[in-house]
Amino acid sequence: MDNNHCLRGKFFLNKFYQGTIKIFMILILSALSLSSVLVTAYMSQSYAEKTFFQINRIIIVLFVFFTIIGVIFFYDKLVIKVDEKKVLYSVLLISFCFSIFLVFVLNPPLRGDQLSIYENAVAMNHGDSSVFDVGKYLQLFPHQLGLVLINEVLFALFQDKTILVFRIINCIGLVVLVYGLHEICKLLFNSSRVLYIFDLLILGCFPLFYFVTFYYGNILTMTFATLAIMYQLRYLKKERLMRYVIVSAICISIAIVIKSNSLIFLVGIILQYLFFLNHHMKKRIWCIVLSILSVLIFQNCVNLYYEIKTDATLEDSIPKVAWIAMGLQDSNRGPGWYNGYPRIVYSQSHANTQLAAEKSVDSINDSIHKFIKNPKYAISFFGKKTISQWNNPSFQCFWIQDKIENENVGSYLINEASPLRKIQESFMDGYEFLVYLMALICVWIKRKDDDLSFIQLELIFIGGFIFHIIWEAKGQYTLQYFILVIPYAAYGIERVIKRMNQLLRRMKIKKHIM
C-alpha cells in the first residue's frame, strides 16, 4: 500500500513538473513569436552598444518566413533519398569553411573585455602578477580567469598568432557544436526528416557563424554546454553507462570555467537527473554528485593555480549581486544593460566586497519598490529589456565586428550602409520569427508527451529566460539558449510540411474526381 502511495506521489510530481515546464515554455514562445513579428531590436555599430527599437516591417518578416518554409518544402523532397551521414558531413564542412572565411575576411581588432582578457593573459605569461592588484581587471572580474588561462596557454605556444589560433579553435568548436545539436535532435526525435530539416535550418543561423571572430569564449562555452546535454541524453535515453555521465560532467565544467553563466545548464542537467531517475535513487545521487563535484574541482583548480602564482585572494572582488542590481536599473544602452554600476559600487565601498554586496541589495530593494509603485514603468522596463535580448535577431553579431573602412568582401558583409548587411538583417528577422513559431508548434504538439528527456532543452531555455530578466542584459548572452530551440523548430517545420503534403494530396484527389 505504501509503495503504491509512493509511486502515485512520484507520478503526480513528474506530471506536475512536466506540465509546469510546458506551460512556461508555451507562454514564453508565444510572447517571443508575437513580439518578433511586431518589433525588433537592433544596435548601431558604434562602440556605444546602444539598443534601438523599431516597428517591424511585417511583410518582409512574413516573406522571409514563407520563403524559408518553401525552400525547406522542396529541399525535403530532394534530400529524403540522400544518406543521412552525407548530409551531416556536408553541413559540417560548409560550417567550417564559412567560419574560416569569416575569420580571415573580417579579422576585427580586439576591444573592451576581449582586449582586457588578451592583455592580462600576455601579462600573466610574462609573470606580471600586478594584474591582480586592487582595482585591476582580474581582481574585479575573477570569473574571467578560465578564459585568461586558456589564452595564457595559447600565448605560450603561439605568441603573436594567439588571436588567430583562438579564432580557428572557435571554428572547430562551431563544427562540434553543430554536430552536438544534430545528435541532440536525433536523440529527441529519431526522425531522418527532422534531422534533414535541422541540418538546413542550422546553416541559416548566421549570428552563430559570425561569433567565431569573437575573442570572448562564447562559441567554446556553447560547444561544451551542448556536448554536456548530448552526453546526458545518451545516458538517459540509450545506455546507462557512467562514462556518459562523467563526460557530461567534464564538458559542463569546462563550459562554466570559460563562462560562469553556463551554470544555468548545470541546473538543468541536475534537475533532469533528479526527475528522470526518480526510481533509481543511488544512480540519481551519483550522477548529481559527479556533476557538481566536477564543476567544483575545475573551478577550484583554476582559482588555486592563480592564487599560488600571484598570492592573490580571489574572494575579494565585485559581488555577483551587483550584476542583479544593475540588471534592474536603467542604462543609456537599454533597460538592464551595462551601466558601470558593479565597478562604481565596488569603488564607492573602498574595495570592500561585503559592503558592496549590502549596497547592491539596497539598490535591488529600491528598484523593486520603484516597480511596485509604478506598474506601467515596470511593464515598459521588463518588456524593453526582454525584447532587447530575445528579439535582437543578429544577437549583436554585427556589433562585435569592427567597421571596415576599406571596401572589400568584409565591408560588404558587416558595414551598416551595405545592402548585403541589410539583406542579412531582414533574413535574420524572419529566421528568428520562424524558429520561435515553429518551436512553439513543436512544444504544443508534444505537450502531452510523457518523455521527460524532451523537456531538457525547454528547462534550460526557461532558466536562461528567467535568469536574464534579472541579470545584466545582452543580446549575445541569449544566443546560447536560442540555438537550443532550433531542433524543436525543425520538428515543428516537419509537422507543417507533412500537413501541407496531406492537403496537396487531398486537392489532387478532388481534382482527379472532378
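Read on for an overview of the structure. For clarity, every value in this text was computed on a predicted model and none was experimentally measured. (Residues numbered from 1 in each chain as written. Predicted model: local features only at pLDDT ≥ 70, side-chain atom pairs only at ≥ 80, totals over all residues. Heavy atoms only, no water.)

### What to know about the packing of aromatic side chains
Then comes step 1: Counted under the stated rule, the structure contains 38 aromatic pairs.
Then comes step 2: Their ring planes at 50° and their centres at 5.2 Å tell us that F65 and F433 sit as a pair that is tilted. Of this pair, F65 sits in helix α2 (residues 58–79) while F433 is found in helix α19 (residues 419–445), placing the two residues 368 residues apart along the sequence.
Then comes step 3: You can call F65 buried: its relative accessible area is 8%.
Then comes step 4: Accessibility expressed as a relative area gives 8% for F433, which makes it buried.
Then comes step 5: Taking the centre distance of 6.0 Å and the plane angle of 70° together, the rings of F141 and W323 count as edge-to-face. Taken together, the residues span a long stretch of sequence, with F141 in the loop between α5 (137–140) and α6 (145–158) and W323 in helix α14 (residues 321–327) at a distance of 182 residues. For the pair formed by F141 and W323, the shared burial category is buried. (Phe/Tyr/Trp six-rings, centres within 6.5 Å; stacked < 30°, edge-to-face > 60°. Helix = DSSP H or I, 4+ residues; strand = E, 2+ residues; numbered from the N terminus. Buried < 20%, exposed > 50% of the residue type's maximum accessible area, 1.4 Å probe, protein only.)

### A few points about the pattern of salt bridges
Then comes step 1: In this structure the tally under the stated criterion is five salt bridges.
Then comes step 2: With a shortest N-O distance of 2.9 Å, R495 and E494 are connected by a salt bridge.
Then comes step 3: Each of R193, E494 and R495 takes part in one network of salt bridges that share partners. (Salt bridge = Lys/Arg side-chain N within 4 Å of Asp/Glu carboxyl O.)

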